[in-house]
Amino acid sequence: MDAPELLALYERMVLIRRTEKAAHDLFLSGLVKGTTHLAAGHEAIAVGASAALRDDDYVFATYRGHHHALARGATPEECLAELMSRATGLCRAKGGSMHLTKASVNMLGSYAIVGAHLPMAVGAAWSARLRGTGQLAVAFFGDGATNIGAFHEALNLAAVWKLPVLFVCENNLYMEYTPIADVTAVARPAADRAPAYGVPGEVVDGNDVVAVYETVAALAERARAGGGPAIVEAETYRHFGHSRADPAAYRPAEEVERWLKHDPLDLARGRLAELGVEEETVAAADDRARAAVQEAVEAAKNAPPPDPREAMTDVWADGGAAWRT
């Protein structure tokens, strides 16, 4: 990866980090209703993986999915407006933080039910196989989902049919508030399960955007060539608690300090310096991201509320629920 490519990925990560910080501040200001699950610290996984994918590939995320929506082309304004229940939101105020979706770029949703989207990704991959499009489906999920039946069912069927699907585990060490290591028999909850299904299981530093890019690119090429599915276990750490209602006091202080020193943005800045990119150039990228998010916040605040007359549109195929009775 050359310097301009890496700089572009760095700026995208900063944009995501700034958007997450804005969501946090807006929540504390009472402008974001409901809960919010922030992905600050996970940016390199979304940005690195997205850079390795084609524009028409399918992406499925969890309720902690802001970074994936932004990595696939959603704007900060669309995302923040959705969190603030504005008509200009990504889902026109019908999804909120946990259901960010942008079908026009094949970002096919964020799912609040743990593991529910893994079989959906398998279905999307099967569809791509049947249509001969060469598309790939990628399901991002947390470490806790590896102990859900849907993870094993989806992985098994994908392996049996050799489907073009990647399963990317964002292992941030905690399944909500419980350390994944306390309740799982293997050290790598995703990658160590891969041999049972005869598929590759790669472990990668999820805070290194270049490492994520290279790993996903290689496995994506393999899947498109008919090699079947693979698991990527990306090791990372969330900077906030599980949700905005969680102060994360259960995490050891030394663990938090160690991971905060391994920040995805710091690692990318170090790589840029190694490539000879001047600090002023990096600072300019920071400034562009900051300005973009500031504009997005103001636009979202000033956006109109949703029209109640549209409450049932995009809910049922015919615009209403009459067919159910």
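Everything discussed here concerns the structure shown above.
A.B. asks: I'm lost on the overall build of the protein chain in this one. Help?
C.D. replies: Counting its secondary structure elements, the protein chain contains ten helices and eight strands. Against the 2.2 N^0.38 benchmark of 20 Å for 325 residues, the protein chain shows a C-alpha radius of gyration of 19 Å, consistent with a compact globule. With the principal axes as the frame, the protein chain shows a C-alpha extent of 60 × 50 × 40 Å. For the protein chain, the residues scored as buried account for 50% of the 325 residues in total. Taking all contacts inside the protein chain whose residues are at least 6 apart in sequence as the whole, residues at least 24 apart take part in 75%.

A.B. asks: What exactly am I supposed to notice about empty space enclosed by the protein here?
C.D. replies: A probe matching the size of a water molecule, rolled over the atoms, marks out where space remains unfilled. Scanning the model with the defined rule gives one cavity of 30 Å³ or more in all. Within this model, the largest cavity holds a volume of roughly 40 Å³. Surrounding the largest cavity, Thr19, Glu20, Ala23, His66, Leu70, Cys79, Leu80 and Leu83 form its lining. At the level of elements, α1 (3–28), α3 (66–71) and α4 (76–83) are the ones that each hand at least two residues to the lining of the largest cavity. Across the lining of the largest cavity, the residue classes break down as five nonpolar, two polar and one charged.

A.B. asks: It is not clear to me how the pattern of salt bridges should be interpreted in this structure. Could you clarify?
C.D. replies: When their charged atoms lie close together, side chains carrying opposite charge are able to pair. Enumeration over the complete set of coordinates arrives at 14 salt bridges. In this structure, the salt-bridge partner of Asp57 is Arg224, at a minimum N-O distance of 2.5 Å. Of this pair, Asp57 sits in the loop between α2 (43–51) and β1 (58–62) while Arg224 sits in helix α7 (residues 209–227), placing them 167 residues apart in sequence. On the basis of relative accessibility, which here comes to 29%, the residue Arg224 falls in the partly exposed class. Across the pair Arg188 and Glu235 runs a salt bridge whose closest N-O atoms are separated by 2.0 Å.

A.B. asks: Sorry if this is basic, but what is going on with the sheet that holds strand β8 (residues 230–235) here?
C.D. replies: The strands making up a sheet associate through backbone hydrogen bonding, with each pair oriented either parallel or antiparallel. Ordered by their spatial adjacency, six strands build an open sheet running β2-β1-β3-β4-β8-β7, and the pairing between neighbours is parallel. Each edge of the sheet is formed by a strand with only one pairing partner; in this case those strands are β2 (107–111) and β7 (201–205). Looking at each pair of strands side by side, their axes are set apart by 20 degrees on average, direction ignored. In this structure, strand β4 (residues 165–171) lies alongside β8, joined through six bridges in parallel fashion. Across the sheet, residue Phe167 finds its bridge partner in β8, namely Ile231.

A.B. asks: Is there a simple way to explain the side chain of Asn172 in this structure?
C.D. replies: With respect to the helices and strands, the residue Asn172 is situated in the loop between β4 and β5 (174–175). Separated by 3.4 Å, the side chains of Asn172 and His42 make a polar contact.

A.B. asks: Which parts of the structure should I look at to understand the packing of α1 against helix α10 (residues 279–302)?
C.D. replies: A pair of packed helices is captured by two measures, namely the crossing angle of their axes and the spacing between those axes. The contact between α1 and α10 brings their axes to 9 Å, and the two run at 35 degrees. In this structure, α1 crosses over α10, and the sense of that crossing is right-handed. Residue-level contacts link Leu7, Tyr10, Glu11, Val14, Leu15, Arg18, Thr19, Ala22 and Leu26 of α1 to Thr281, Val282, Ala285, Asp286, Arg288, Ala289, Arg290, Ala292, Val293, Val297 and Lys301 of α10. Of the residues assigned to the contact of α1 with α10, the class counts are twelve nonpolar, two polar and six charged.

A.B. asks: In this structure, what is going on with the side chain of His66? I would like to understand it.
C.D. replies: Checked against the element boundaries, His66 lands in helix α3. A polar contact of 2.6 Å, which involves the side chain of His66, links it to the side chain of Glu20.

A.B. asks: Even after reading the chapter, I still don't get the environment of Pro179, so can you show me in this structure?
C.D. replies: By secondary structure assignment, the location of Pro179 is in strand β6 (residues 178–179). In this structure Pro179 comes out as partly exposed when scored by relative accessible area, which is 26%. Between the alpha carbons of Pro179 and Tyr250 there is a distance of 9.5 Å; along the sequence they are 71 residues apart. What Pro179 contacts, discounting residues up to four positions off in sequence, is Leu173 and Tyr174.

What counts, and where the lines are drawn
Residues numbered from 1 in each chain as written. Predicted model: local features only at pLDDT ≥ 70, side-chain atom pairs only at ≥ 80, totals over all residues. Heavy atoms only, no water. Helix = DSSP H or I, 4+ residues; strand = E, 2+ residues; numbered from the N terminus. Rg over C-alpha atoms; globule rule 2.2 N^0.38 Å. Buried < 20%, exposed > 50% of the residue type's maximum accessible area, 1.4 Å probe, protein only. Contact = heavy atoms within 4.5 Å. 1 Å grid on protein atoms, 1.4 Å probe; cavity = no way out; pocket = protein on both sides within 12 Å on 5 of 7 lines; lining within 4 Å. Points joined across faces, edges and corners; volume = space filled by probe spheres on them. Nonpolar A, V, L, I, M, F, W, Y, C, P; charged D, E, K, R; others polar. Salt bridge = Lys/Arg side-chain N within 4 Å of Asp/Glu carboxyl O. Pairing = 2+ DSSP bridges. Axes fitted to C-alpha atoms, helices over the stretch in contact; angles between N-to-C directions. Polar contact = N/O pair within 3.5 Å; in protein donor to acceptor, adjacent residues only side chain to side chain. Left-handed = near helix turned anticlockwise from the far one by under 90°.

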